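Here is what each chain is made of, one letter per residue.
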Amino acid sequence: MSVSEIYETMDYGAAPESSAEALAWLVDQGSRFGQFINGSFTAPRDDFESRDPANGNILATLSQASAQEVKTAVAAARSAQPKWEKLGGHERAKYLYAIARLLQKHSRLFAVLETLDNGKPIREARDVDVPLAQRHFYYHAGMAQLMESTLHDREALGVCGQIIPWNFPLLMLAWKIAPALAMGNTVVLKPAEYTSLTALMFADICRQAGLPGGVVNIVTGDGTVGEMIVQADVDKIAFTGSTPVGRRIREQTAGSGKELTLELGGKSAFIVFDDADIDSAIEGLVDAIWFNQGQVCCAGSRLLVHEPVADRFYAKLRIRMAKLRVGNPLDKSIDVGALVDPVQVQRVKEMVATNTAGTLFRAGDVPEAGCFYPPTLITGMNPADRLMQEEIFGPVLVSTTFRTPSEAVELANNTRFGLAATIWSENINLALDIAPKLVAGVVWINGTNMMDAAAGFGGMRESGFGREGGWEGLTAYTRPKTIRRPFKEIAPSVSGELRPPPGGIDRTAKLYIGGKQVRPDGGYSGSVQGKSGMLLGHVSLAGRKDVRNAVEAAQGAKTWGKTTGHLRAQILYYIAENLSARRDEFAQSLNAMLGGKTGEKEVDASVYRLFTYAAWADKYDGQIHGVPLRGAALAMKEPVGIIGALCPDEAPLLGLISCMAPAIAMGNRVILAASPTFPLAATDFIQVLETSDVPGGVVNILTGPHPAIAETMARHMDIDAVWSFGGKDLCKVIEFGSAQNLKRTWVNNGMSRDWMKADAEGIEFLQASTEVKNVWIPYGE
């Protein structure tokens, strides 16, 4: 076009970014890559190609890692880890700082290569991905420096296997590698098959920074390489990707003792109220759904518009969509680039073709060649429609309307995902009322896609568990410094003749569900003997239906999480008061069951623990993150929901209270499976609960063998977390079953815990009792 034509039409002219330097770097490497293991590259093979999705050009050929290469990479990481950790935080900080500086020095090169390999617009790679990757290494250099003073009671996990997706190749690498290295771990990372090139360039950066061999290892290939890493001798798996793959990883790692962080799919709600700044909301929506062609796990792909402004909003949105520029990603004037691969284009087409109810609008033309798909809007959707429920992972926005704020919350939460949400309203009171009600790990108010290394990012429900970034993401790469001893089963006392004590009355303890003592659904009971062989009583044997009834009772007590910490503290103090009043009785009962004379000590420790968590109830609060934003990022600690806990045998009363107290202090409801060997400690405690103003359904207690209860708890879709402090086989059952709804689990992996130690309550129980929700609130005109 001539200058006069551009002036008349006001069209954007082409502003191409040169790819010469990036292509030259590839040529310098021979355009062929092997694996990066122990500080050097292996001999390359031509196993698969990396292509530019905008035009189909081959950028390089890569090697599919073999089982032996993955094993070698893990061995290199294992060998390097002790020395790396022993360097200390300051020395590790120097290396992370050097990597951050090198990323800055080569920022343009990384941005261009990312765009060539991934298809995203150069302005996004240049202005978002690369700066955020740099920020993560700077931030975690600081964390490494501070570890010995702020996390002196934590240590590295060891070797971390990390698997990242193709939508943010460099940024996801930074999210994974920076905190792992800062805390003294070593890594074996697998980039996505489609987009491995910036990870391989990062390997070159590691060499330039002088990083010791084996600290960072990068292996390339398809999903089978990821499976090899999951099954390898690593101490943690960190995975970002689809929910079905995350579910499979949860099953494969069950019972292995490996730590696991899953950052999975989403179907995030974008809520627009009638008092919102409509023009600003539309600009935010453009970033929410058409950023990176909609290939974003937290994309605002479900638009919920307040009915009074819906028609006006849709009309303005269609006009704005018509102005979006789709084309060559290396053009700095382009808004929407190419999808990552023809396979992804076909998937988006097939999903959109299933729409039968909504009104479809496509914006403009797309280039004939390359992996392009037009920005698309589908309005008038039913909340149950497939496209409203399933992740499309493309530039497709689906929408419906709502009438009231409560309906908006109900629609937003009507999904199995829980990654992110956006609220647009000029009424900050309304926005801050809605944010805590949304089931999402991140909520943005009057903004979208705001992220920073200082603020944890991650989801709830089937969007996974764990956080990337911030303090919570950092501690996921550490464990407490403790002496770890193998767990030992405690066998119940068994004698051939069961006789009640002289003059005694037959005693059969019931279950405690919904604030009442109830008989078990199955109608069975089991005997409990003391160390002397004397029959102490019978307890009910809970089954699947009793777990179901306990869940229903807990659901009925959901307002418990909305009470104040002060109120919850008062009830915990009252429980302690009533238990203390019956100290001698409980001590005598424990001595009869356990043998010995430790009963008084356990009762005293139980009262102490109740006081501890009463104290924490209104003090374990969130923080304001120091993010580079004109506004605030609030880290709010919310209750997990309904927690099932399989209580230990080692300390039947103290263990039960140690599981119950922190959970209810933080606003959760609990279903406690009492010690199977010494259950009378729990059934006696029921009487204390009945006289301590505990609302019905907040605490539910089941008795019977744990294996019969554990699998039902693990697979129950309405239980949000399961804790277990029993045998290793039980841990595997729970972790495998939890894949059903990807609930959080906390298991002892076959290791024992000293329940009598004063620090046994620790911060771990409070962390396991809470979810961190980050609410971003920009402010200013």
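Please refer to the structure placed before this passage.
What you see is a predicted model, and the numbers here were worked out from it, not measured in a lab.

Novice: Quick question: what am I supposed to make of the pattern of salt bridges here?
Specialist: Should the charged atoms of two oppositely charged side chains come close, the side chains can pair. Evaluation of the coordinates by the stated rule reveals 36 salt bridges. Put simply, lysine 120 and aspartate 129 hold a salt bridge, and the shortest N to O gap is 2.4 Å. For lysine 120, a relative accessible area of 0% translates into the label buried. A salt bridge links arginine 715 to glutamate 711, with the shortest nitrogen-to-oxygen separation between them at 3.2 Å. With arginine 715 and glutamate 711 both in helix H24 (residues 706-715), this residue pair falls four residues apart, about one helical turn. Classification of arginine 715 by relative accessible area gives partly exposed; the value is 32%. The partly exposed category is assigned to glutamate 711, whose relative accessible area is 39%. Bridged by salt links that share partners, the residues Arg583, Asp584, Glu600 and Asp604 form one connected network.

Novice: Just checking my understanding: could you explain the layout of surface pockets for this structure?
Specialist: In this approach a probe as big as a water molecule rolls over the atoms, and the regions it shows empty are the leftover space. Of the voids in this model, the second largest pocket is the one considered here, and its volume is about 1,700 Å³. Lining the second largest pocket we find 48 residues, and of these Val439, Pro639, Val640, Gly641 and Arg669 sit closest to its centre. Elements with a minimum of two residues in the lining of the second largest pocket: helix H15 (405-412), strand E19 (464-465), helix H19 (565-581), strand E27 (631-639) and strand E33 (770-778). No other element matches E27, which puts four residues into the lining of the second largest pocket. In the lining of the second largest pocket, the residues fall into 16 nonpolar, twelve polar and 20 charged.

Novice: Would you mind going over helix H21 (residues 599-616) with me for this structure?
Specialist: Side chains of residues three or four places apart in an α-helix project in the same direction, reflecting 3.6 residues per turn. With 18 residues, H21 extends 26 Å from end C-alpha to end C-alpha; this agrees with the ideal 26 Å at 1.5 Å per step. For H21, the elements touching its buried residues are H19, helix H20 (583-594), helix H22 (652-665) and helix H26 (762-768).

Novice: Got a minute to help me understand the sheet that holds strand E1 (residues 32-33) in this structure?
Specialist: Note on sheets: strands pair through backbone hydrogen bonds, and any given pair is parallel or antiparallel. If you walk across this open sheet you meet the three strands as E1-E5-E4, and the pairing is mixed. Pairing within the sheet leaves two strands with one partner each, and these edge strands are E1 and strand E4 (48-51). As paired strands, E4 and strand E5 (residues 58-62) are joined by four bridges and run antiparallel to one another. Within E5, the position partnered with glutamate 49 by the bridge is threonine 61. Relative to the sheet, helix H8 (residues 197-208) contacts E1, E4 and E5, its axis offset from that of E5 by approximately 65°.

Novice: Explain helix H7 (residues 169-182) to me, please; I cannot follow it from the model alone.
Specialist: If you check H7, its first and last C-alpha atoms are 20 Å apart, about what 14 residues at 1.5 Å a residue would give, namely 20 Å. The element H7 is largely enclosed, with a buried count of 14 among its 14 residues.

Novice: Teacher, can you tell me more about the sheet that holds strand E17 (residues 420-424) here?
Specialist: Taking strand neighbours across the sheet as the criterion, the ten strands line up as E14-E15-E16-E13-E12-E17-E18-E33-E27-E26 in an open arrangement whose pairing is mixed. Single-partner strands in this sheet number two, and they are strand E14 (359-362) and strand E26 (623-625). The sheet shows a mean angle of 20° between the axes of neighbouring strands, direction not considered. By the bridge criterion, four bridges tie E14 to strand E15 (residues 376-379) in an arrangement that is antiparallel. Looking at the pairing, leucine 360 lines up with isoleucine 378 of E15. Its contacts with the sheet place helix H11 (residues 278-290) against strand E12 (269-272), strand E13 (302-306), E15, strand E16 (396-402) and E17, and it is angled at close to 175° to E12. Strands E12, E13 and E16 of the sheet are contacted by H15, whose axis makes an angle of about 145° with E16.

Novice: How should the nonpolar core be read in this particular structure?
Specialist: Note that soluble globular proteins tend to have their nonpolar side chains buried in a common cluster. If you look at the biggest cluster of nonpolar residues, it comprises 115 residues, and the most contacted ones within it are Phe137, Phe202, Val216, Leu303, Phe313 and Leu317. Not counting residues within four places of it along the chain, the set of residues in contact with phenylalanine 202 comprises Ile99, Leu103, Phe110, Phe137, Leu173, Ile177, Val216 and Ile218. Core analysis: the second largest hydrophobic core is formed by 64 residues, Ile657, Ile701, Trp723 and Leu766 among them.

Novice: Looking at this structure, how should I read the packing of aromatic side chains?
Specialist: Aromatic ring pairs are reported here in terms of the distance separating the ring centres and the angle at which the planes meet. Counted by the stated rule, this structure contains 21 aromatic pairs. Considering the side-chain rings of tryptophan 723 and phenylalanine 765, the 6.0 Å spacing of their centres and the 75° angle between planes classify their relative orientation as edge-to-face. On the criterion of sequence distance, the pair formed by tryptophan 723 in strand E31 (residues 721-724) and phenylalanine 765 in helix H26 is long-range, its members being 42 residues apart. The rings of Trp723, Phe725, Trp746, Trp755 and Phe765 are connected pair by pair, giving a single aromatic cluster. Lying over the aromatic face of tyrosine 477, lysine 236 brings its terminal NZ or CZ to 4.8 Å of the ring centre. Against the face of tyrosine 620 rests lysine 637, its NZ or CZ located 3.8 Å from the ring centre.

Quick notes on the rules
Residues numbered from 1 in each chain as written. Predicted model: local features only at pLDDT ≥ 70, side-chain atom pairs only at ≥ 80, totals over all residues. Heavy atoms only, no water. Salt bridge = Lys/Arg side-chain N within 4 Å of Asp/Glu carboxyl O. Buried < 20%, exposed > 50% of the residue type's maximum accessible area, 1.4 Å probe, protein only. Helix = DSSP H or I, 4+ residues; strand = E, 2+ residues; numbered from the N terminus. 1 Å grid on protein atoms, 1.4 Å probe; cavity = no way out; pocket = protein on both sides within 12 Å on 5 of 7 lines; lining within 4 Å. Points joined across faces, edges and corners; volume = space filled by probe spheres on them. Nonpolar A, V, L, I, M, F, W, Y, C, P; charged D, E, K, R; others polar. Expected span 1.5 Å × (residues − 1). Contact = heavy atoms within 4.5 Å. Pairing = 2+ DSSP bridges. Axes fitted to C-alpha atoms, helices over the stretch in contact; angles between N-to-C directions. Core = buried A, V, L, I, M, F, W, Y, C linked by side-chain atoms within 4.5 Å. Phe/Tyr/Trp six-rings, centres within 6.5 Å; stacked < 30°, edge-to-face > 60°. Lys NZ or Arg CZ within 6 Å of the ring centre and 35° of its normal.

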